[in-house]
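Observations on the model geometry
Listed below, chain by chain, are the residues.
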Amino acid sequence: MALLEIITPSNPTLRKKAKRVSDFSNKKLQQLIDDMVFTMHEAVGVGLAAPQVDVGQRLIVIQLPDDEESREEYGDDAGVLFVVLNPEIVKASKEMVEGVEACLSLPGYFGKVNRHQQVLVKGFDRHGNPIRIKAKDWLARVFQHEIDHLDGVLFIDHATEIWRSRDVEPIAEIEEAEDEPATEPDVE
Ligand code: ZN
């Protein structure tokens, strides 16, 4: 398995709409999935979308941590690996919840984002079988964040407040972000 480079907004792929996956039996696709899971683990992230590794395809991987604290917080969602191709949110709760997000493509940045508390996601597994995932709370948030990536949308586009760690250089695109002291969120 290979460690893939995670791109930042200086690479235009991050802002492009990704294309639907059509050939599920493609060996390169299967390799890409394995490499994305490996890269997500190495980067200690909870989700990764293909555009973040410079691949314009509709593919996301998600896995919440599996330690004792996470199991308490996420219940059955802790530690489950989700690999979803062509994911689509087909239903979303009216209820919105605010939470603090970060992104592997925007290292050092944090933002408060309102997300649907629950979403129903339809898509395909890595072999092309249709799947449906009912996600709530933090898992629902991660699905919304990752699916946004497939349309070139970053959390900073939705955030009601953005801040960055003191030691992070401003990224041109989000230079107006407020320079507040770093407060590390518990999750993500
Ligand atoms: Zn992200």
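Residue numbers restart at each chain and count upward from 1, following the sequence in its written direction. Local features are withheld for residues below a pLDDT of 70 in this predicted model, meaning they are given only at 70 or higher, and side-chain atom pairs are given and counted only at 80 or more; totals for whole chains, interfaces and linings count all residues. As a rule here, side-chain values cover all heavy atoms of the structure and leave hydrogens and water aside.

1. Describing the coordination of the zinc ion
Geometry sets the ideal angles at a metal, namely 109.5 degrees for four tetrahedral donors and 90 or 180 degrees for six octahedral donors. Note the following rule: Any nitrogen, oxygen or sulfur atom within 2.8 Å of a metal ion counts as a donor, with the limit raised to 3.2 Å for Na, K and Ca, and since water is left out, coordination shells can look unfinished. Strands are runs of DSSP state E lasting at least 2 residues, helices are runs of H or I lasting at least 4, and numbering of each runs from the N terminus. Residue exposure (1.4 Å probe, protein chains only): buried if accessible area is under 20% of the type maximum, exposed if over 50%, otherwise partly exposed.
Protein ligation of the zinc ion involves C103 (SG), H145 (NE2) and H149 (NE2), the donor distances falling in the range 2.1 to 2.2 Å. Site description for the zinc ion: donor spacing in sequence, C-x41-H-x3-H. Placement of C103 in the loop between β4 (96–101) and β5 (109–116) and of H145 in helix α3 (residues 137–149) is noted, with a sequence separation of 42 residues between them. Taken as a pair, C103 and H145 share a single burial class, namely buried.

2. Describing the environment of V142
Relative to the helices and strands, V142 is located in helix α3. On the basis of relative accessibility, which here comes to 0%, the residue V142 falls in the buried class. Residues V142 and V61, spaced 81 residues apart in sequence, show a C-alpha to C-alpha distance of 10.0 Å.

3. Structural notes on the sheet that holds β5
Selection criterion: At least two bridges found by DSSP between two strands is the condition for calling them paired. Note on method: axes are straight lines fitted to C-alpha atoms, helices fitted across the in-contact stretch only, with angles between N-to-C directions ranging 0 to 180 degrees.
Judged by pairing direction, the sheet is antiparallel, and its 3 strands sit side by side in the order β4-β5-β8 without closing on themselves. Every interior strand has two partners, whereas the edge strands, β4 and β8 (161–164), have only one. Geometrically, the sheet is characterised by an average inter-axis angle of 25 degrees between neighbouring strands, direction not taken into account. Across 4 bridges, β5 lies against β8 in antiparallel orientation. Considered in β8, the bridge of G111 is made with I162.

4. Section: helix α1 (residues 27–42)
We count it as follows: To estimate the expected span of a helix, subtract one from its residue number and multiply by 1.5 Å. Here, two residues are considered to be in contact whenever any of their heavy atoms come within 4.5 Å of each other.
Across its 16 residues, α1 extends 23 Å between first and last C-alpha, which sits within 8% of the 22 Å expected from 1.5 Å per residue. Those residues of α1 that fall on the buried side of the exposure criterion are L29, Q30, L32, I33, D35, M36, V37, T39 and M40. Those residues of α1 that are buried lie in contact with β1 (47–49), β2 (59–63) and β3 (81–92). One or two residues past the end of α1 sits V44, with phi positive at roughly 50 degrees.

5. Focus: the environment of E95
Looking at the element boundaries, E95 is found in the loop between β3 and β4. By relative accessible area, which is 47% here, E95 ends up partly exposed. Each C-alpha atom, one on E95 and one on H116, is 5.9 Å from the other, the two residues being 21 residues apart in sequence. Look past the residues within four positions of E95 in its chain and what remains in contact with it is R115, H116 and Q117.

6. Notes on the sheet that holds β3
What the 5 strands build is an open sheet, ordered β1-β2-β3-β6-β7; its pairing is antiparallel. Edge strands, defined here as strands with exactly one partner in the open sheet, are β1 and β7 (130–136). Pairs of neighbouring strands in the sheet enclose a mean axial angle of 40 degrees, with direction left out of account. In this sheet, β7 lies alongside strand β6 (residues 118–124) in antiparallel orientation, the contact comprising 7 bridges. Note that in β7 the partner of K122 across the bridge is R132. The strands that α1 touches are β1, β2 and β3; relative to β2, the one it contacts most, it runs at about 35 degrees. Along the sheet face, α3 touches β1, β2, β3, β6 and β7 and points at about 125 degrees away from the line of β7.

As far as function goes, none of this settles anything; it's purely spatial.
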